[in-house]
Amino acid sequence: MKEILKSLLCFIWAGLFEIGGGYLVWQWLREGKPVWWGIAGGIGLALYGMLATLQPANFGRVYAAYGGVFIAMAMLWGWKVDGVAPDRYDILGGCLALLSVLIIMYAPRG
């Protein structure tokens with residue numbers, strides 16, 4: 001159980017760094033924010049890549065599962081940061097994506 005919690009925390013931190021980093025780069029290039037926003041975003045994106053290596057599974061499994069985490073976290077980011085509330089289909093899709101993460105990463109294997 002401890003390994004699963006560590007893994008889930010890695011996913012959450014990786015998601016925050018990837019989405020936050022991408023958001024900062026977006027703000028720099030699309031919204032005219034200062035260049036340091038882009039630099040900070042690039043650093044966040046690099047940290048995201050490093051955090052993913054802390055996962056216990058192989059590269060393909062981690063990145064496939066991370067896609068589901070990214071979907072759910074991007075929806076939350078859009079809601080809480082950009083003020084765009086998810087509709088019921090967004091919520092259903094996010095829940096299905098998270099269910100997929102649980103299956104891919106934590107299903108018992110023999």
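Given the structure is predicted, the values throughout are model-derived calculations rather than measurements.

Reading the values: rules and limits
Residues numbered from 1 in each chain as written. Predicted model: local features only at pLDDT ≥ 70, side-chain atom pairs only at ≥ 80, totals over all residues. Heavy atoms only, no water. Phe/Tyr/Trp six-rings, centres within 6.5 Å; stacked < 30°, edge-to-face > 60°. Axes fitted to C-alpha atoms, helices over the stretch in contact; angles between N-to-C directions. Helix = DSSP H or I, 4+ residues; strand = E, 2+ residues; numbered from the N terminus. Parallel < 35°, antiparallel > 145°, perpendicular 65-115°, else oblique. Left-handed = near helix turned anticlockwise from the far one by under 90°. Contact = heavy atoms within 4.5 Å. Nonpolar A, V, L, I, M, F, W, Y, C, P; charged D, E, K, R; others polar. Patch = residues over 30% accessible without salt bridge, like charges linked within 9 Å, V, L, I, M, F, W, Y side chains within 5 Å. Areas by Shrake-Rupley, 256 points an atom, 1.4 Å probe, with all protein chains shown as cover. Salt bridge = Lys/Arg side-chain N within 4 Å of Asp/Glu carboxyl O. Buried < 20%, exposed > 50% of the residue type's maximum accessible area, 1.4 Å probe, protein only. UniProt positions renumbered as here; feature names shortened; annotations may be inferred. Core = buried A, V, L, I, M, F, W, Y, C linked by side-chain atoms within 4.5 Å.

A. Just the packing of aromatic side chains, in detail. Tallied over the entire structure, the rule returns 7 aromatic pairs. An aromatic cluster is built from Phe11, Tyr48, Tyr66 and Phe70, whose rings are joined through pairwise contacts.

B. A look at the packing of helix H3 (residues 59–80) against helix H4 (residues 88–106). Interaxial distance between H3 and H4 falls to 8 Å at its minimum, and their mutual angle equals 155 degrees. Here H3 lies roughly antiparallel to H4, going by the angle between them. Helix-helix and strand crossings are classified by hand; for H3 and H4 the assignment is left-handed. Judged by residue contacts, Arg61, Val62, Ala64, Ala65, Gly68, Val69, Ile71, Ala72 and Met75 of H3 engage Asp90, Gly94, Ala97, Leu98, Val101, Ile104 and Met105 from H4. Across the contact of H3 with H4, the residue classes tally to 12 nonpolar, 2 polar and 2 charged.

C. Spotlight on a nonpolar patch on the surface. Residues Trp28, Leu29, Val35, Trp36, Ile39, Ile43, Leu47 and Met50 make up a contiguous nonpolar surface patch of roughly 830 Å² in combined accessible area. If you list the elements that add at least two residues to the nonpolar patch, you get helix H1 (2–31) and helix H2 (35–52). Examining the composition of the nonpolar patch, we find that 6 residues originate from one element, H2, more than from any other. Within the element layout of this structure, Leu29 appears in helix H1. Look at Leu29 and you get exposed, because its relative accessible area is 58%.

D. Molecular detail of the UniProt feature "transmembrane region" (unreviewed entry) in the chain. Under the UniProt annotation, "transmembrane region" (unreviewed entry) lies at residues 7–29, 35–54, 61–79 and 91–108. With 90% helix and 0% strand, the stretch residues 35–54 has end C-alpha atoms that lie 30 Å from each other. Within the segment residues 61–79, helix and strand shares are 100% and 0% respectively, and the terminal C-alpha atoms sit 28 Å apart.

E. Layout of the nonpolar core. Counting residues in hydrophobic clusters, the biggest one holds 13 residues, and the most contacted among them are Phe11, Ala14, Ala65, Tyr66, Val69, Val101 and Met105. Contributing elements (two or more residues each) for this core: H1, H2, H3 and H4. Excluding its chain neighbours within four sequence positions, the residues that come into contact with Phe11 are Gln55, Val62, Ala65, Tyr66, Val69, Met73, Val101, Met105 and Tyr106.

F. Structural context of the environment of Trp77. With respect to the helices and strands, Trp77 occurs in helix H3. With relative accessibility at 22%, the residue Trp77 sits in the partly exposed group. If sequence neighbours within four positions are ignored, Trp77 has contacts with Ile19, Gly20, Tyr23 and Asp82.

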